[in-house]
Amino acid sequence: MSDEMSVLAGEDSVFGTVTVIGDAWSWLVLREAIFSGVTRFEDFRSRLGVARSTLAARLEHLVAGDVLRRGPGGAYLLSDRGADFFGCLILALTWGDRWFADDAGIPHVVTHIGCGERMSAEVRCSHCHDRVEAQAVRFESRPRPGRADSRRHRTPDLALLERERPSSVARTLQVLGEHWSALILREAFFGVRRFDDFQRGLSIATNILAQRLDRLVELGVLDRVPYQEQPLRHEYRLTRKGIDLYPVPLAMMTWGDRWLADGNPPVPLTHLPCGERFTSVLACGHCGEPISRTSVRFA
Ligand SMILES: [Zn+2]
Ligand SMILES: [Zn+2]
């Protein structure tokens, strides 16, 4: 991994994860690798319907971040940290299934082998094993603002993500798969609501921030609510749909803490109901048992 990536990871694990994984195309590359066992360039390309140059850049980025490694015959194989991204993907899949369930034709059917039910993943506290709600986790110190370099993060055309087939992961990525949107949501989960505070926290250009906030409102994840009459001012609050997304950035933070921060989380969390330092456990939403990549079956 490059020095730059380690420095970024030290600032905040969600930020580090966004940096190391990359944009929505990278998530979908990992979806194919983790859910479907894809290893070949041509297979990634035909399954995603992505341009060769785009795919080559994403694969190179994932190899540089030690998420994929090169295998015999030019194969792209999951590293340990790559395989562990399963948690982020399965939570993204669950959220997409829940909020876009009325859309027919979503092909990923994942079954928990333990209980035999269609998979819905959730995050539990490793101490008390309670299901974690967004309001029940408190951070002890705010992360230092990340120094994002937006030039290297061109926004993918999110409409293209489902070119080959519909997918709940792709739908979640409409919300979370773009660099700035992911970081804006991280700020929202840290309690930020006002434009100027987002702007300060992220050192983001005001026009880009305004555009991303509008988009998150359009997608139903944030609500634009007036908080002052004269002059009229608005703030951005997470909707129920937005709050329900919380496990995904939480899983991204967990992944970053585990793989990018040498086990020293830059932003330690406390689980309020039990009062313990929070570490997350991925569990089946039906039976509550812990799950991993090997305890689920993909149709
Ligand atoms: Zn707990
Ligand atoms: Zn289960």
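Here the structure is a predicted model, which means the values were calculated and not measured.

What counts and how
Residues numbered from 1 in each chain as written. Chains lettered and ligands numbered in written order. Predicted model: local features only at pLDDT ≥ 70, side-chain atom pairs only at ≥ 80, totals over all residues. Heavy atoms only, no water. Phe/Tyr/Trp six-rings, centres within 6.5 Å; stacked < 30°, edge-to-face > 60°. Helix = DSSP H or I, 4+ residues; strand = E, 2+ residues; numbered from the N terminus. Buried < 20%, exposed > 50% of the residue type's maximum accessible area, 1.4 Å probe, protein only. Lys NZ or Arg CZ within 6 Å of the ring centre and 35° of its normal. Pairing = 2+ DSSP bridges. Donors = N, O, S within 2.8 Å, 3.2 Å for Na, K, Ca; no water. Tetrahedral: all angles 85-135°; square planar, octahedral: opposite > 155°, others 65-115°. Axes fitted to C-alpha atoms, helices over the stretch in contact; angles between N-to-C directions. Parallel < 35°, antiparallel > 145°, perpendicular 65-115°, else oblique. Contact = heavy atoms within 4.5 Å. Nonpolar A, V, L, I, M, F, W, Y, C, P; charged D, E, K, R; others polar. Arc of directions from axis to C-beta.

Chemist: Would you explain the packing of aromatic side chains in this entry?
Modeler: Aromatic ring pairs are described here by two measures, namely the spacing of the ring centres and the angle between the planes. Counting across every chain of the model gives 3 aromatic pairs. Consider the rings of F85 and W255, whose centres lie 5.4 Å apart with planes at 85 degrees: the pair is edge-to-face. With F85 in the loop between α6 (80–83) and α7 (86–99) and W255 in helix α13 (residues 247–260), this residue pair connects regions lying 170 residues apart in the sequence. Aromatic pair F189 and Y246: ring centres 4.8 Å apart, planes at 55 degrees, arrangement tilted. With a gap of 57 residues between them, F189 in helix α9 (residues 179–189) and Y246 in the loop between α12 (240–244) and α13 connect regions that are remote in the sequence. Exposure class is identical for F189 and Y246. Each is buried. One Lys or Arg, R194, reaches over the ring of Y227 and ends 3.6 Å from the middle of that ring.

Chemist: Explain the pairing of strand β6 (residues 222–228) to me, please; I cannot follow it from the model alone.
Modeler: A regular strand carries its side chains on alternate faces of the sheet. Here 6 bridges tie β6 to strand β7 (residues 233–238), and the two strands are oriented antiparallel to one another. In the sheet register, V225 faces β7, and the bridge partner there is E235. The loop that links β6 with its antiparallel partner β7 comprises 4 residues.

Chemist: Which parts of the structure should I look at to understand the coordination of the zinc ion (ligand 2)?
Modeler: Ideal geometry at a metal centre: 109.5 degrees between donors when four sit tetrahedrally, and 90 or 180 degrees when six sit octahedrally. Listed as protein donors to the zinc ion (ligand 2) are H112 (ND1), C115 (SG), C284 (SG) and C287 (SG); their distances from the metal cover 2.0 to 2.4 Å. In this structure, the zinc ion (ligand 2) is surrounded by 4 donor atoms whose angles at the metal cover 103 to 117 degrees, and the resulting shape is tetrahedral. The exposure class of C115 is partly exposed, given its relative accessible area of 29%. The exposure class of C287 is partly exposed, given its relative accessible area of 32%.

Chemist: Which parts of the structure should I look at to understand the environment of G71?
Modeler: Within the secondary structure layout, G71 lies in the loop between β1 (68–70) and β2 (76–78). Sequence-wise, G71 and T39 are 32 residues apart; in three dimensions their C-alpha atoms are separated by 9.0 Å.

Chemist: Hey, could you run me through the coordination of the zinc ion (ligand 1) in this one?
Modeler: Here the zinc ion (ligand 1) is held by C125 (SG), C128 (SG), H271 (ND1) and C274 (SG), and the distances to it run 2.1 to 2.3 Å. The coordination sphere of the zinc ion (ligand 1) comprises 4 donor atoms, whose angles at the metal cover 101 to 117 degrees; the geometry is tetrahedral. For the zinc ion (ligand 1), all donor residues lie on one chain, and their spacing in sequence is C-x2-C-x142-H-x2-C. Residue C128 is found in the loop between β4 (121–125) and β5 (137–139), and its partner C274 is found in the loop between β8 (269–271) and β9 (276–277); the two are separated by 146 residues along the sequence. Residue classification places C128 among the partly exposed residues on the basis of a relative accessible area of 28%. When its relative accessible area of 27% is taken as the criterion, C274 is described as partly exposed.

Chemist: Quick question: what am I supposed to make of unusual backbone geometry here?
Modeler: Peptide bonds are, in most cases, trans, and in most cases residues other than glycine have a negative phi. Cis peptide bonds are those with omega within 30 degrees of zero, and the linkage from Q230 to P231 qualifies with -5 degrees. Looking at the secondary structure, you find P231 in the loop between β6 and β7. Backbone geometry at H129 places phi at a positive 65 degrees, although glycine is not the residue there. Of note, H129 is situated in the loop between β4 and β5.

Chemist: When you look at the sheet that holds β9 in this model, what are you seeing that I'm missing?
Modeler: Through backbone hydrogen bonds, the strands of a sheet pair up, either in parallel or in antiparallel fashion. Ordered in space as β5-β8-β9, the 3 strands form an open sheet in which the pairing is antiparallel. If you trace the sheet from one side to the other, it starts and ends with β5 and β9, each paired once. Sheet topology note: the β8/β9 ladder contains 2 bridges and is antiparallel. Residue H271 lies in a different strand from β9, and its bridge partner there is E276.

Chemist: Help me out: how do you make sense of the packing of α9 against helix α11 (residues 206–218) in this one?
Modeler: How two helices sit against one another is set out by the angle between their axes and by the gap between those axes. Where α9 meets α11, the axes come as close as 10 Å, and the angle between the chain directions of the two elements is 75 degrees. Looking at the two axes, α9 sits roughly perpendicular to α11. Residues W180, S181, I184 and L185 of α9 form the contact with α11, whose own contacting residues are I208, L209, R212, L213 and L216. Looking at the contact of α9 with α11 residue by residue, the classes come out as 7 nonpolar, 1 polar and 1 charged.

Chemist: I tried to follow helix α10 (residues 195–202) on my own but got confused; where do I start?
Modeler: Each turn of an α-helix holds 3.6 residues, which means side chains three or four residues apart point in the same direction. Listed in full, the buried residues belonging to α10 are F198, G201 and L202. Summarising the axial view, the buried residues of α10 lie within an arc of 80 degrees, below the 170-degree limit, and thus occupy one face. Along α10, the residues that are exposed and aim more than 90 degrees away from the buried face are D196 and R200. Where α10 is buried, its residues contact α9, α11 and β7. Where α10 terminates, the next one or two residues include S203, which has phi positive at roughly 50 degrees.

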